[in-house]
Amino acid sequence: GNSVTQMEGPVTLSEEAFLTINCTYTATGYPSLFWYVQYPGEGLQLLLKATKADDKGSNKGFEATYRKETTSFHLEKGSVQVSDSAVYFCALSSNAGNNRKLIWGLGTSLAVNP
Amino acid sequence: EAGVTQSPTHLIKTRGQQATLRCSPISGHTSVYWYQQALGLGLQFLLWYDEGEERNRGNFPPRFSGRQFPNYSSELNVNALELEDSALYLCASRPNLPGTEAFFGQGTRLTVV
């Protein structure tokens, strides 16, 4: 079945450091891929998405590219801020027929120190 | 446009009682998902409803149940509450279109004492 594997946290960085959070997936066909962010005490918010191979999603300085050849969707940001401290979730959704179940990674906690 | 709304925001129950959590999806969204998020842990999938029917169920005991109403709002019921049911319960809605993302509510914090 479909699955998402996300790098374990916690990740601790200093402000302005480069961020990479790895996400790989297993799926049949051509799923859609998502990154969500959860700030402390809040629900999840969509950060970015990509719906086909080689698409690059971007938002708030974060980027992720849908790589079908490596089945990956790694999240990157060139210079993190303290306000980026949150939990990040990678997710996929099959687009095949009625199978639109969302599959989630376990989440990666990021702490950015000033 | 109103987002996904969940009620109540906080709920305190004693062990053995029943809890009912409610979710109103974004207008036009037919799918509703329920998740349990225990402190410090990831999302545990509970239930998925679409067009009024249960489409999938996570690995939870039968005392976790729910339903979706004709207006696509949803209820999650937890019977015979146990201490380990204490968690944040998140609801998400999604339109019936491929490639679309889910939108989350702020959650209901359930505390079982």
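Residues numbered from 1 in each chain as written. Chains lettered and ligands numbered in written order. Predicted model: local features only at pLDDT ≥ 70, side-chain atom pairs only at ≥ 80, totals over all residues. Heavy atoms only, no water.

*Asks:* Can you lay out the nonpolar core for me, pointing to particular residues and giving the numbers?
*Replies:* In terms of nonpolar packing, the biggest core is built from 27 residues, with L19, W35, L47, L48, F73, L75 and Y88 of chain A touching the most fellow members. Only β2 (11-14), β3 (19-21), β4 (23-26), β5 (32-38), β6 (44-50), β8 (62-65), β10 (86-93) and β12 (108-113) of chain A provide two or more residues apiece to this core. Broken down by element, the residue count for this core peaks at 4 residues, all from β10 of chain A. Residues V4, L21, V32 and W34 of chain B belong to the second largest nonpolar core, which totals 21 residues. (Core = buried A, V, L, I, M, F, W, Y, C linked by side-chain atoms within 4.5 Å. Buried < 20%, exposed > 50% of the residue type's maximum accessible area, 1.4 Å probe, protein only. Helix = DSSP H or I, 4+ residues; strand = E, 2+ residues; numbered from the N terminus.)

*Asks:* An account of the pairing of strand β7 (residues 64-68) of chain B is requested, with residue identities and associated values reported.
*Replies:* Residues and elements named next belong to chain B. Pairing geometry for β7 and strand β8 (residues 74-78), over 5 bridges, is antiparallel. For G66, the partnering residue across the bridge sits in β8 and is L76. Count of turn residues in the β7/β8 antiparallel hairpin: 5 residues, of which Y72 carries a positive phi of about 75°. (Pairing = 2+ DSSP bridges.)

*Asks:* Go over the packing of aromatic side chains with me, naming the residues and quoting the values.
*Replies:* Summed over the entire model, instances satisfying the criterion amount to 13 aromatic pairs over all chains. Seen in terms of ring centroids, Y33 of chain B and Y35 of chain B are 6.4 Å apart; in terms of plane orientation they differ by 15°. Their pairing is stacked. Y35 of chain B carries the same exposure label as Y33 of chain B, and that label is buried. Here Y33 of chain B falls in the buried class, since its relative accessible area comes to 0%. Taken together, the ring pairs in this structure connect F34, Y36, F89 and W104 of chain A together with Y33, Y35, F45, W48 and F104 of chain B into an aromatic cluster. Lying over the aromatic face of Y30 of chain A, K68 of chain A brings its terminal NZ or CZ to 4.4 Å of the ring centre. (Phe/Tyr/Trp six-rings, centres within 6.5 Å; stacked < 30°, edge-to-face > 60°. Lys NZ or Arg CZ within 6 Å of the ring centre and 35° of its normal.)

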